[in-house]
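# Remarks on the overall topology
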Amino acid sequence: MADMRHILFAAAAVIVAGLARAEPPRLDLSWTLERAGVSSGAPDGQTQAVLALRNAGAAPLPVQGWSLYFTVLAGLESGAMPGGMRVEQVKGTLYRLRPAEGFPALAPGAEQRVTLRHPEILWQPAKAPQSPFVAEDAHPDAAVPAQAWRLMPIDRSRIALPADTEPLVDAGALYARYETMQPVDRIELPPVFPKPLQWQRAAGEWRLQAAPQVVAPPQLASQARQLQGWLDAVLVHQPRNGTFRLELGRVRGQSSPEAYELRITPQGATLRGATPAAVALGLQSLRQMLPTGSPAPSLALPALHLVDAPRFAYRGLLLDVARSFMTVQEVGRVLELMARLKLNTLHLHLSDDEGWRLEIAALPELTAVGAKRGLSADPLAMLPPAYASGPKAGTPPGSGHYSRAEFIALLRQAADLGITVIPEFDLPGHARAAVVAMEARHARLAASDPQAADAYRLRDPADRSRYQSAQQYDDNLMDPGLPSTYRFIDTVVGEVIGLYREAGVPLRRLHLGGDEVPAGAWQQSPASLALMQREGLKDAPALWSHFFDRIQRLVASHGVLLAGWEEMGMRAGKPDPGLAGRGVSLYVWNTTTGAEDLGLRLANAGYPTVLASARHLYFDMAHLRDPAEPGHDWAALVDLDEVFGYVPLDPARQGAVASQAKLERLTSAGRRNVLGLEATLFTETVQNATRADYMLMPRLLAMAERAWSANPPWATASPAKAPALYRADLARFLAQAGTQVLPRLDAERPDLLYRIAPPGLMRDPRDSGRVLVNYPWAGQPLRYTTDGSAPTAASPLVAGPIVSHGPVHVTAFDSRGRPGRSSQLPALNNDNAKETP
């Protein structure tokens, strides 16, 4: 009995010791920018910041045995830093700070300041450290978020941008910018958006005291049900009266299968479409003419004749759910918005280094491992944190995936809205989630079935190649020399086709990435080197072409066309003739300096091409060079006028400005190869639906117009006429969007929190006590304060210059009273006050 008692006491002591194990240190943290700019030692720019750590615990901070982690898009200089901590890159954008020799044992409440150096000029808080957490080195699975975390407001005076870089925007710069974007009074607006091809208003109106009966052929039964529901919802219920006809048939003068014709007379209405899809598009136009709000006793639709058809057959949006996961419901919100704007293709980016988001039954590790991000002692248990996802697996934006049933439901919802979903699985680069998942599969099966363990492996374990991807990974590539790589792709393609088949939706095109494979890839892979020797492939470009030749044949064997980013069709910097003419479509993002005409060159070379210009249609780019604006700036700053002024088939032009660059022109065959346009929302800085709304809208309105509406006159006008034509068309767009489109969205989609731009302000140079205000959007009232507070919906309306020597804040509001971001001017000093006598 004594021995048993001794054993029990010993066991209890072990349990108590385990329970008493110290938790990770509790820290209050803040990050403050000290200075940013270029120097002889940092010609590309550097930012120095201070990370302040305050011990928020009740005991002294241990001098070792713990680490502070965070993700940082701007990167960090590694090594020992002033302040007694060492910076280490863990993986990708995940870094940690560990106490170095001499780090003090901070007493409770004491603070230590550590210097951080970022290898770029960092003016965007979104690229600074995010979501810090603390872990004991011996127990990384028990990490905890920082007790408090503050990114201190960026002091603009501490940022020295290069002379050739656009300065940071302030209220005065906005005023100058908006002077060429002013709305025009008494402009006749088109009846629907995007601007239709032809319309003619007629005398009279169709007056309805009750909802009319919708009459349609059987092929239009779903469209008839939709229209009947809309009409019944806007009129107080009465026995139906009148007829609204839906018809299938040719639209005179139009060859597009999406062409439609709407005719409203005092006697009734008819909507004719070339196909059911065209009728559905026409219904979206009609929807814009119906009132919002509660049912009314009557309705008057103005008489008109409208003929409409899209400029481009492909009108797409890429949604990246790999970096930051979005639920089915969140993607469904985007689909509904796309349908309103007559966009017809959702390009769903389902895999990347940081996540694999679709269940593949044959390969469960893809989601069991590749769909989770968190901190773990086991590198094959999950992916590491990235893009502010934090230490704990299991919740968005870092973790999550679509079950087979959820994906099928999403496909059906899209099909009901007339939208095609093109899935993308990025490879052979951007593939770390898949690579790690298949390594986990190998580890699970290696002991019991070595042959099965190798069946889907994507990395040659003997590969000693050295490379670093654009996102700072050194292990994110599938190996083209492994037969298991092709087996993996074949299995995924087969299962995805099965999901589409079960949804009742055909899969015609599959996007397999092909972008951003870094220099040095596969150079020391025994598997790839052996393949090159067997096939007589002399260099890396030849290996690349061989890989995608085989992938194209594999995908084609399933009856599906291959798509990819532009690099898929390039070899040694030029269009690769090997895949041209084989149905491979290329999505061209690179319109940076020197590549402005790349999309046109690929179209001329025989590739069906989708133009996804990073300088005009990448909506993960910040709107302005303003620390308050989220997003990237590596390609460009993409404000609304950059989107509206995009001339896709003439890259030498932007709005009314034509450059003298000698760029390739489209041939007639090349023009036929341009499928259309695609806006893009990559989500490194987009962690939730609210941020997605802000980045997408209202820029997506301008993209929808460029994709749907005819080439505007200013795009082909002479240099003498183009500026006036452009200003008038931009004013029309801003008026139509501001008075028609956005108020309807406010009423029908109150969950859509689109960006409301900050106003422009400047003090009158003739009288500094007067503040001039301008704003490009019609329909959004401006309100102001002069006491330093933020304007509210009860603040005075701006009706002209604001008279104030004190601080001035001005904010725009939507039709529901939701405020945007304020612009402000400081109070005048007595020395710079000036008044006109």
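This part covers the overall build of the protein. When helices and strands are tallied, the protein shows 19 helices and 35 strands. Its C-alpha atoms give the protein a radius of gyration of 30 Å, within 12% of the compact-globule value 28 Å for 837 residues. Taking all 837 residues of the protein together, 55% fall into the buried category. A separation threshold of at least 6 residues defines the contact pool for the protein, and within that pool the share at least 24 residues apart is 73%.

Let us look at the sheet that holds strand β34 (residues 808-812). Strands sit in the order β32-β34-β35 across an open sheet of 3 strands; the sheet is antiparallel. In this open sheet, the two strands that pair with only one neighbour each are β32 (782-785) and β35 (823-825). Across the sheet, the axes of successive neighbouring strands diverge by a mean angle of 20 degrees, strand direction being ignored. Of the strand pairs in this sheet, β34 and β35 are connected by 3 bridges, and their pairing is antiparallel.

Moving on, we come to helix α10 (residues 483-503). Spanning 21 residues, α10 covers 31 Å between terminal C-alpha atoms, matching the ideal 30 Å at 1.5 Å per step. Count one or two residues on from α10 and you reach Gly504, which has phi positive near 80 degrees.

Below, the discussion takes up the pattern of salt bridges. Overall, the coordinates contain 53 salt bridges when judged by the stated rule. One salt bridge in this structure joins Asp155 and Arg158, with 3.5 Å as the shortest N-O distance. Between Arg177 and Asp639 there is a salt bridge; the shortest N-O distance is 3.3 Å. Taken together, the residues span a long stretch of sequence, with Arg177 in helix α2 (residues 171-178) and Asp639 in the loop between α14 (614-617) and α15 (640-644) at a distance of 462 residues. Salt bridges linked by common partners bring Arg287, Arg333, Glu336, Arg340, Asp693, Arg744, Glu748, Arg749 and Asp751 together as one network.

Attention shifts here to the sheet that holds strand β8 (residues 130-136). Sheets are built from strands that pair by backbone hydrogen bonding, the pairs being arranged parallel or antiparallel. What the 6 strands build is an open sheet, ordered β4-β5-β6-β3-β8-β9; its pairing is antiparallel. For this open sheet the edge positions go to β4 (79-81) and β9 (139-145), each flanked by a neighbour on one side alone. Strand-to-strand twist in this sheet, taken as the mean axis angle between neighbours without regard to direction, amounts to 30 degrees. For β8 and β9, the ladder comprises 3 bridges, and the chain directions are antiparallel. By the bridge assignment for β9, Glu136 is matched with His139.

Moving on to the pairing of strand β16 (residues 299-308). Most of β16 sits inside the fold, with 7 of its 10 residues counted as buried. As defined by bridge partners, strand β11 (residues 198-208) adjoins β16 across 8 bridges and the pair is classed as antiparallel. Along β16, the bridge assignment pairs Trp206 with Leu301. Here strand β14 (residues 260-265) runs beside β16; their pairing, made up of 5 bridges, is antiparallel. Looking across to β16, one finds that Tyr260 is bridged to Asp308.

This paragraph deals with the pairing of strand β20 (residues 420-427). Among the 8 residues of β20, 7 are classified as buried, and the element is accordingly described as predominantly covered. Pairing geometry for β20 and strand β21 (residues 509-513), over 2 bridges, is parallel. Within β21, the position partnered with Leu427 by the bridge is Gly513.

Enumeration according to the criterion identifies 22 aromatic pairs in this entry. Between the aromatic rings of Tyr69 and Phe133, the centroid separation amounts to 5.2 Å while the plane-to-plane angle is 5 degrees, which identifies the pairing as stacked. Note that Tyr69 is positioned in strand β3 (residues 66-71) and Phe133 in strand β8, a separation of 64 residues in sequence. When its relative accessible area of 6% is taken as the criterion, Tyr69 is described as buried. Judged by relative accessible area, Phe133 falls into the buried class, the value being 1%. Here the aromatic residues Tyr314, Trp565, Tyr587, Trp589, Tyr618, Trp634 and Phe682 are joined through ring pairs into a cluster of three or more. For Lys342, the ring lying beneath its charged end belongs to Trp708, and the centroid distance is 5.6 Å. Directly above the ring of Tyr486 sits Arg550, whose terminal nitrogen or CZ lies 3.7 Å from the centroid.

Basis of the calculations
Residues numbered from 1 in each chain as written. Predicted model: local features only at pLDDT ≥ 70, side-chain atom pairs only at ≥ 80, totals over all residues. Heavy atoms only, no water. Helix = DSSP H or I, 4+ residues; strand = E, 2+ residues; numbered from the N terminus. Rg over C-alpha atoms; globule rule 2.2 N^0.38 Å. Buried < 20%, exposed > 50% of the residue type's maximum accessible area, 1.4 Å probe, protein only. Contact = heavy atoms within 4.5 Å. Pairing = 2+ DSSP bridges. Axes fitted to C-alpha atoms, helices over the stretch in contact; angles between N-to-C directions. Expected span 1.5 Å × (residues − 1). Salt bridge = Lys/Arg side-chain N within 4 Å of Asp/Glu carboxyl O. Phe/Tyr/Trp six-rings, centres within 6.5 Å; stacked < 30°, edge-to-face > 60°. Lys NZ or Arg CZ within 6 Å of the ring centre and 35° of its normal.

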